[in-house]
2 protein chains.
Amino acid sequence: MGTTQLDTVPEPKYWHLRTVLSEALDSEFSVGEILPNERDLAARFGVARATLRQALEQLELEGRLQRRRGVGTTVAPPRMGVAVESEQHAWPGAFGDAWQPIDCTAAVPPAAVADILETVHDEQVLTVRRSRVTHGQPVAAELLYIPASSVPELSGIDAPSGVARARAVLRELQRLELEGQDRAVELGSARAEDAKELDRLPGAPVLVVTTRFLTKGRTAALSVATYRADTCRLTFGDTGGVEIHHDSERRAS
Amino acid sequence: MGTTQLDTVPEPKYWHLRTVLSEALDSEFSVGEILPNERDLAARFGVARATLRQALEQLELEGRLQRRRGVGTTVAPPRMGVAVESEQHAWPGAFGDAWQPIDCTAAVPPAAVADILETVHDEQVLTVRRSRVTHGQPVAAELLYIPASSVPELSGIDAPSGVARARAVLRELQRLELEGQDRAVELGSARAEDAKELDRLPGAPVLVVTTRFLTKGRTAALSVATYRADTCRLTFGDTGGVEIHHDSERRAS
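Note that the structure is a prediction, hence the values are computed from the model and not measured.

Asker: How should the overall build of chain A be read in this particular structure?
Answerer: Within chain A, the regular secondary structure consists of six helices and 10 strands. Expressed as a percentage of its 253 residues, the buried residues of chain A come to 55%. Summed over its atoms, the accessible surface of chain A is roughly 11300 Å², and 50% of this surface lies on carbon and sulfur atoms.

Listed below in structure tokens is the structure:
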């Protein structure tokens, strides 16, 4: 890592520093390696601590760095491709589903969820909690909202709670004909409960994938899935996703 | 906005504050309204400025707040649904495409792009720059990489540069048979050039959508599109996307 003089550059200092740091990560550091501490790094590049921190935050957003309590800042491995959608539409819990059910409760959903499900605002809906693990790491947490009207033959006797209840609900869902589904992806921050499951602090950046499962023109189930934005690249389509890192600057001709 | 005492809460202070602030936004503020300044807000909630700032950052990630230079922090309008994928696969520039070509250059792409295109690392490829505007606002910037071998009949005479060149390249691309496409979505930070086009500062959080267009088992074109993460919700599927806000906490039963 050189000691580039940053004062003469017209673009924001933190941005230029980010580019310099990014190149240093490529050429001088290996995955998992711990970066020097902030004071040393700031001195090395002749920048204020605040500027350094902004550059580090950017590289964290891009998935290049990980900041871990008690460890420091390390060079992150490439993001994992996590398949969100394949060619075939299927109900949650169908054969080959990557999600593991954890439990099932009856709860009043957020107002926005009730609006989509067309339930009354104080009405409880079945709420299945599921988690997704890839290469031994938790990558996503999901809340799946299912109005009781979608699973009319669900028996309350066999499996009143827990994983068994979640499985029973998903099994009943398969009886319906899936007529379509649509998805939205947006940036969010991890709620306390999800953060715990994802091994992150509350408020960490996550990619929120909202999926509507449609039958007879209405939403029979609604999934709100929270993916770790630091370690995941969400893939769509049949061929297994694209391996590319945005952090490489275009080298203009 | 009350003056809730935050000291006794076991969860991180900034996270609890975020929830309190989020509720206040729902009940007391309207879209576009300017929040009181940080010093006043911190005093009101009895928290340190650093804690307040963390909570505000979270709400910004979630698209609830916008921080604008010279204006302050305002309550954000709901995110716009921006269709990334419809049922039909199509080449960029096909009829109905939402993107506007800006220019076309020949440039050496980043190494990761060259790997996907299977071009030699120092080989130039056609690089079409496009932008996407929704409701009068710039929402996304794209670099579309096309190896010369994908458009063998492209004439260099008629339109040597600029928008006309970009259109000629896209027109030639339509001659190929599109055999498939796949996508990946991940969190990134806006490069200087994209940030300018998106009316943001370099390093602002963006959603990076990488799309591979396949023909005869190889990648004929590669799109790297950068969407504003603060104002956009990316939608996939035929029914126009899901209107939901992740920020609402689940009200447990």
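After that view of the structure, there is still more to cover.
Asker: Is there a simple way to think about the UniProt feature "domain: HTH gntR-type" (unreviewed entry) in chain A in this case?
Answerer: UniProt tags residues 11-78 of chain A as "domain: HTH gntR-type" (unreviewed entry). Taken end to end, residues 11-78 of chain A is 54% helix and 12% strand, and its first and last C-alpha atoms sit 28 Å apart.

Asker: Please clarify how the relation of the copies chain B and chain A should be interpreted in this entry.
Answerer: Think of it as a corkscrew move, a rotation about one axis and a shift along it, taking one chain copy to the other. Once chain B is rotated about the relating axis by 180° and shifted along it by 0.0 Å, it coincides with chain A to within an RMSD of 0.0 Å. The operation mapping one copy onto its partner corresponds to a two-fold rotation axis. A symmetric contact is evident, with 100% of the interface residues of chain B recurring at the interface of chain A.

Asker: Please clarify how the domain arrangement of chain A should be interpreted in this entry.
Answerer: Frequently, the measure chosen for interface size is the accessible area removed from exposure when the parts meet. Residues and elements named next belong to chain A. Here chain A is described as being made up of domain 1 (13-75) and domain 2 (100-244). Taken over both partners, the interface formed by domain 1 and domain 2 buries close to 310 Å², and the fraction arising from carbon and sulfur atoms is 45%. Across the domain 1-domain 2 interface, the total number found is zero salt bridges. Across the side of domain 1 that touches domain 2, the residue classes break down as no nonpolar, two polar and two charged.

Asker: I'm lost on the packing of aromatic side chains in this one. Help?
Answerer: Any aromatic ring pair is given by two values, namely how distant the centres are and how the planes are angled relative to each other. In this structure the tally under the stated criterion is five aromatic pairs over all chains. Against the face of W15 of chain A rests R18 of chain A, its NZ or CZ located 4.4 Å from the ring centre.

Asker: Teacher, can you tell me more about the sheet that holds strand β5 (residues 125-134) of chain B here?
Answerer: Whether parallel or antiparallel, the strands of a sheet pair through hydrogen bonds between backbone atoms. Spatially, eight strands are ordered β3(A)-β10(A)-β7(B)-β8(B)-β9(B)-β6(B)-β5(B)-β4(B) in an open sheet, and the strand pairing comes out mixed. Edge positions in the open sheet fall to β3 (80-85) of chain A together with β4 (100-107) of chain B, since each of these has one partner strand only. Pairs of neighbouring strands in the sheet enclose a mean axial angle of 25°, with direction left out of account. Bridge count between strand β6 (residues 137-146) of chain B and strand β9 (residues 218-228) of chain B: six bridges; the pairing is antiparallel. Note that in β9 of chain B the partner of A140 of chain B across the bridge is Y227 of chain B. Across the sheet, helix α5 (residues 162-173) of chain B touches β4, β5, β6 and β9 of chain B, and the angle it forms with β4 of chain B is around 85°.

Asker: Would you explain the pairing of strand β2 (residues 72-75) of chain A in this entry?
Answerer: As a general feature of sheets, a regular strand has side chains that alternate between the two faces. Residue and element names in this part refer to chain A. Bridge count for strand β1 (residues 65-68) against β2 is four bridges, and the pairing is antiparallel. Note on β2: the bridge partner recorded for Q66 is T74. Taking the residues that link successive antiparallel strands as the turn, the β1-β2 hairpin has three residues, and the phi of G70 there is positive, at about 80°.

Asker: What is the right way to read the pattern of salt bridges from this model?
Answerer: Pairing between side chains of opposite charge can happen when their charged atoms approach one another. All names here are of chain A. Per the counting criterion, the structure on display carries 36 salt bridges over all chains. One salt bridge in this structure joins E38 and R67, with 3.8 Å as the shortest N-O distance. Here E38, found in helix α2 (residues 38-45), pairs with R67, found in strand β1; they are 29 residues apart in sequence, far enough to count as distant. Residue R67 is classed as partly exposed on the basis of its relative accessible area, which comes to 26%.

Asker: Looking at this structure, I do not really get the sheet that holds strand β10 (residues 232-236) of chain B. What am I missing?
Answerer: Reading across the sheet, the eight strands line up as β4(A)-β5(A)-β6(A)-β9(A)-β8(A)-β7(A)-β10(B)-β3(B) and stay open at both edges, with mixed pairing between neighbours. Because the sheet does not close on itself, it has two edges, and the strands there are β4 (100-107) of chain A together with β3 (80-85) of chain B. Ignoring which end each strand starts from, the neighbouring axes of this sheet average 25° apart. The sheet strands contacting helix α5 (residues 162-173) of chain A are β4, β5 (125-134), β6 (137-146) and β9 (218-228) of chain A, and the helix crosses β4 of chain A at an angle near 85°.

Asker: Is there a simple way to think about the packing of helix α1 (residues 13-28) of chain A against helix α3 (residues 49-61) of chain A in this case?
Answerer: Angle between the axes and distance between the axes: these two values describe a pair of packed helices. All names here are of chain A. Relative to each other, α1 and α3 sit at 55°, their axes nearing to 8 Å. With respect to α3, the element α1 is oriented oblique. The handedness of the crossing between α1 and α3 comes out as right-handed. Contact with α1, carried on its side by K13, Y14, W15, L17, R18, L21, S22 and L25, involves T51, L52, Q54, A55, L56, Q58 and L59 of α3 and no other residues of that element. When the residues that make up the contact of α1 with α3 are grouped by side-chain class, the tally is nine nonpolar, four polar and two charged.

Asker: Could you clarify how one ought to interpret the interface of chain B and chain A in this entry?
Answerer: With 74 residues of chain B in contact, the opposing surface of chain A contributes 75 residues. A buried area of about 5800 Å², summed over both sides, lies between chain B and chain A, and 57% of it is on carbon and sulfur atoms. Connecting chain B to chain A are two salt bridges. Between R79 of chain B and E186 of chain A there is a salt bridge, and its shortest N-O distance comes to 2.8 Å. Ranked by residue count, the leading element in the side of chain B that touches chain A is strand β7 (residues 180-189) of chain B, at nine residues. Residues that form the side of chain B that touches chain A fall into these classes: 35 nonpolar, 20 polar and 19 charged.

Asker: Looking at this structure, I do not really get α3 of chain A. What am I missing?
Answerer: An α-helical turn contains 3.6 residues, so any two residues separated by three or four positions project in the same direction. In a regular helix each residue adds 1.5 Å, so 13 residues correspond to 18 Å; α3 of chain A covers 18 Å between its end C-alpha atoms and thus fits that length. For α3 of chain A, the full list of buried residues reads T51, L52, A55, L56, Q58, L59 and L61 of chain A. Of the surrounding elements, those touching the buried residues of α3 of chain A are α1, α2 and β1 of chain A together with β7 and β8 (205-215) of chain B.

Asker: Just checking my understanding: could you explain the packing of α2 of chain A against α3 of chain A for this structure?
Answerer: Residue and element names in this part refer to chain A. Between α2 and α3, whose axes approach to 9 Å, the crossing angle comes to 105°. Between α2 and α3, the angle falls in the class roughly perpendicular. Only R49, L52, R53 and L56 of α3 make contact with α2, whose side of the interface consists of E38, R39, L41 and A42. When its residues are assigned to classes, the contact of α2 with α3 shows four nonpolar, no polar and four charged.

Asker: What should I look at first to understand the nonpolar core in this one?
Answerer: The nonpolar side chains of a soluble globular protein tend to be buried with one another. Within the largest apolar cluster, 34 residues are counted, with the highest numbers of intra-cluster contacts made by V185, Y227 and L234 of chain A together with V185, Y227 and L234 of chain B. In this view, L234 of chain B contacts R183, A184 and V185 of chain A together with V82, V84, V185, L207, V209 and Y227 of chain B; residues no more than four positions away in its chain are not counted. Of all hydrophobic cores here, the second largest spans 17 residues; its members include I146, L154, A168 and A221 of chain A.

Analysis parameters
Position numbers for residues start from 1 in each chain and track the written sequence from start to end. As they are written, the chains are lettered A onward and the ligands numbered 1 onward, keeping that order. Where local features are concerned, this predicted model is filtered to residues with pLDDT of at least 70; where side-chain atom pairs are given and counted, the filter is 80 or more; whole-chain, interface and lining totals use all residues. By convention in this description, side-chain values take in all heavy atoms of the structure and omit both hydrogens and water. The helix and strand labels rest on DSSP assignments: H or I over at least four residues marks a helix, E over at least two residues marks a strand, and numbering proceeds from the N terminus. Burial classes follow relative accessibility: with a 1.4 Å probe on protein chains only, a residue under 20% of its type's maximum area counts as buried, one over 50% as exposed, and anything between as partly exposed. Residue exposure ignores everything except the shown protein chains as possible cover, and the areas themselves are Shrake-Rupley values with a 1.4 Å probe. UniProt positions are given in the numbering used here, feature names are shortened, and annotations may be inferred rather than shown by experiment. When the copies are superposed, the least-squares fit takes in the C-alpha atoms of residues with a pLDDT of at least 70 in both. The contact criterion used is simple: two residues touch if any of their non-hydrogen atoms lie within 4.5 Å. Domain start and stop positions are those given by an automatic or database domain assignment. Buried area: the sum, over both parts, of the accessible surface (1.4 Å probe) that disappears when the two are put together. Any carboxyl oxygen of Asp or Glu that lies within 4 Å of a side-chain nitrogen of Lys or Arg is treated as forming a salt bridge with it. Note on residue categories: nonpolar means Ala, Val, Leu, Ile, Met, Phe, Trp, Tyr, Cys or Pro, charged means Asp, Glu, Lys or Arg, and polar means any other residue, Gly included. Only the six-membered ring of Trp is used, alongside the rings of Phe and Tyr, when aromatic pairs are assigned; centres must lie within 6.5 Å, and planes under 30 degrees apart are stacked while those over 60 apart are edge-to-face, with the rest tilted. Placement of a positive charge over a ring is assigned whenever Lys NZ or Arg CZ falls within 6 Å of the ring centre and within 35 degrees of the normal to the ring plane. One requirement defines pairing of two strands: DSSP has to find at least two bridges between them. Axis geometry follows a simple rule: fit a line to the C-alpha atoms, using only the stretch in contact for helices, then measure angles between N-to-C directions, giving values from 0 to 180 degrees. Throughout this description, any angle smaller than 35 degrees is read as roughly parallel, any larger than 145 degrees as roughly antiparallel, any in the 65 to 115 degree range as roughly perpendicular, and the remainder as oblique. A clockwise turn of the near helix away from the far one marks a right-handed crossing, whereas an anticlockwise turn of less than a right angle marks a left-handed crossing. Each residue after the first adds 1.5 Å to the expected span of a helix. To qualify as a nonpolar core, a set must consist of buried Ala, Val, Leu, Ile, Met, Phe, Trp, Tyr and Cys residues joined through side-chain atoms within 4.5 Å.

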